[in-house]
Amino acid sequence: MSEQHQNLAIIGHVDHGKSTLVGRLLYETGSVPEHVIEQHREEAEEKGKGGFEFAYVMDNLAEERERGVTIDIAHQEFSTDEYDFTIVDCPGHRDFVKNMITGASQADNAVLVVAADDGVAPQTQEHVFLARTLGIDELIIGVNKMDVVDYKESTFDEVVDEVNQLLQQVQFNTDDASFIPISAFEGDNIAEASDNTDWYDGEILLEALNALPEPEPPTDASLRLPIQDVYTISGIGTVPVGRIETGIMNTGDDVVFQPSDVGGEVKTIEMHHEEVPKAEPGDNVGFNVRGIGKDDIRRGDVCGPADDPPKVAETFQAQIVVMQHPSVITSGYTPVFHAHTAQVACTIESIDKKMDPSSGEVAEENPDFIQSGDAAVVTIRPQKPLSIEPSSEIPELGSFAIRDMGQTIAAGKVLEVNEK
Ligand code: GDP
């Protein structure tokens, strides 16, 4: 096991091979749980397939899928020489966008899977857009299903060109992006360089994963702990629970909850049913604050230090990307914003600028409307108090999803907060 941890998103168009790739990575790194391997080995032998093979596991997964059992590739873990990876929610998962934005599964880096026989497809575009807006640092591009195109270099090159164009369009820094011809199914260039692609001498996938930059743990930032739930536990009292996004919480610290605007001293912190003196980013904690009752605070509050409290927005300016909206978005529109654990109706008070995604320059000042595919800078007024932070200061609390009619229609990050 390695020390450093990475949250990795696997993105790409449906059927391009994301689940297969996750299965392959788990298999190659010895991370498929022993009992699962054992179960498949037994079944394989019973059915006379003999021996255990990756393909057999994947066949079974495919069968499970046909039976309607969801294969949860999210939250799977595997380790390479450099990092312990957690696969965070993957697109396609219903709440991916929401989860990704609300920080429940903030990815550091991503693998973009593009099938060689299909190239850039609608969701490839959508996910790359999102990854860029949400601040994914680096992309590894797996050009998958190379076996289907007879490992042809020319096909690989065509896909690389196509993806490069897309990345430039959304201004992804392409200097560090690595493109790898792979077959998730056959295992080419995943853990070992493949003889089938002797024209390729770049990194294989596990090497590229090892070479990802180290995510910087947000321990230096101020404490920010979005509250998920508030319990009353006999013998202790009121216990808010949540995941620390940034900073450190120590017993004895003076904290406040915003926007509820109450505070006190941290008496106890509990993690995995044990009392601890301090907790760090990524820790899921329950804690108890002197003088705070169950009705004083609620889900959506953010806990932070009394001397550097979470911001409460009267209005805020944000950059948004509209992903899917049946018509047009004009000022006055009031959908529900999901930011960390908060869900608050917010009005788009003004559409200040429409951006040209290919150049990043202002395409139009004060446009009358924006629609699917547009990027824009907007001013937003929450209809109830909302704690949110500028993405440049605390990225973990600086992004949000906009939902309406049961769909995520846009995603964005906060540029500036105008406090009450
Ligand atoms: P997802 O929707 O992106 O998760 O795609 P899946 O992993 O479910 O793969 C979709 C289909 O493509 C399945 O039938 C896989 O067996 C197949 N597939 C995935 N990767 C490869 C590959 O490298 N080569 C071939 N020939 N088929 C693949």
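Residues numbered from 1 in each chain as written. Predicted model: local features only at pLDDT ≥ 70, side-chain atom pairs only at ≥ 80, totals over all residues. Heavy atoms only, no water.

**Points about the sheet that holds strand 6 (residues 178-181)**
Okay, so step 1: Ordered in space as 2-3-1-4-5-6, the 6 strands form an open sheet in which the pairing is mixed. Each having just a single partner strand, strand 2 (77-79) and strand 6 make up the two edges of the open sheet. Put simply, the sheet's adjacent strands are angled 25° from each other on average, direction ignored.
Okay, so step 2: Examined bridge by bridge, strand 1 (residues 4-12) and strand 3 (residues 83-87) share 5 bridges and lie parallel to one another. (Pairing = 2+ DSSP bridges. Helix = DSSP H or I, 4+ residues; strand = E, 2+ residues; numbered from the N terminus. Axes fitted to C-alpha atoms, helices over the stretch in contact; angles between N-to-C directions.)

**Notes on the pattern of salt bridges**
Okay, so step 1: Evaluated as defined, the whole model comprises 10 salt bridges.
Okay, so step 2: Put simply, Glu393 and Lys311 hold a salt bridge, and the shortest N to O gap is 3.3 Å. With a gap of 82 residues between them, Glu393 in the loop between strand 21 (386-387) and strand 22 (399-404) and Lys311 in the loop between strand 15 (302-305) and strand 16 (312-322) connect regions that are remote in the sequence.
Okay, so step 3: Between Asp374 and Lys354 there is a salt bridge, and its shortest N-O distance comes to 3.9 Å. Of this pair, Asp374 sits in the loop between strand 19 (362-365) and strand 20 (375-382) while Lys354 sits in strand 18 (residues 342-355), and the two are 20 residues apart along the sequence. Taken as a pair, Asp374 and Lys354 share a single burial class, namely buried.
Okay, so step 4: Counted as one network, the salt bridges with shared partners bring together Arg224, Asp308, Lys311, Glu389 and Glu393. (Salt bridge = Lys/Arg side-chain N within 4 Å of Asp/Glu carboxyl O. Buried < 20%, exposed > 50% of the residue type's maximum accessible area, 1.4 Å probe, protein only.)

**Considering the nonpolar core**
Okay, so step 1: Judged by nonpolar contacts, the single largest core of 27 residues is most densely connected at Leu112, Leu139, Ile141, Val163, Leu167, Phe172 and Phe179.
Okay, so step 2: Every element with two or more residues in this core is listed here: strand 1, strand 4 (109-115), helix 5 (122-133), strand 5 (139-144) and helix 6 (153-169).
Okay, so step 3: Of all the elements, helix 6 adds the most residues to this core, at 6 residues.
Okay, so step 4: If sequence neighbours within four positions are ignored, Phe172 has contacts with Val128, Ala131, Arg132, Ile136, Asp137, Leu139 and Leu167. (Core = buried A, V, L, I, M, F, W, Y, C linked by side-chain atoms within 4.5 Å. Contact = heavy atoms within 4.5 Å.)

**Thoughts on the UniProt feature "binding site: Mg(2+)" (unreviewed entry) in the protein**
Okay, so step 1: Here the UniProt-annotated "binding site: Mg(2+)" (unreviewed entry) positions come out as Ser19.
Okay, so step 2: Note that Ser19 resides in helix 1 (residues 18-28). (UniProt positions renumbered as here; feature names shortened; annotations may be inferred.)

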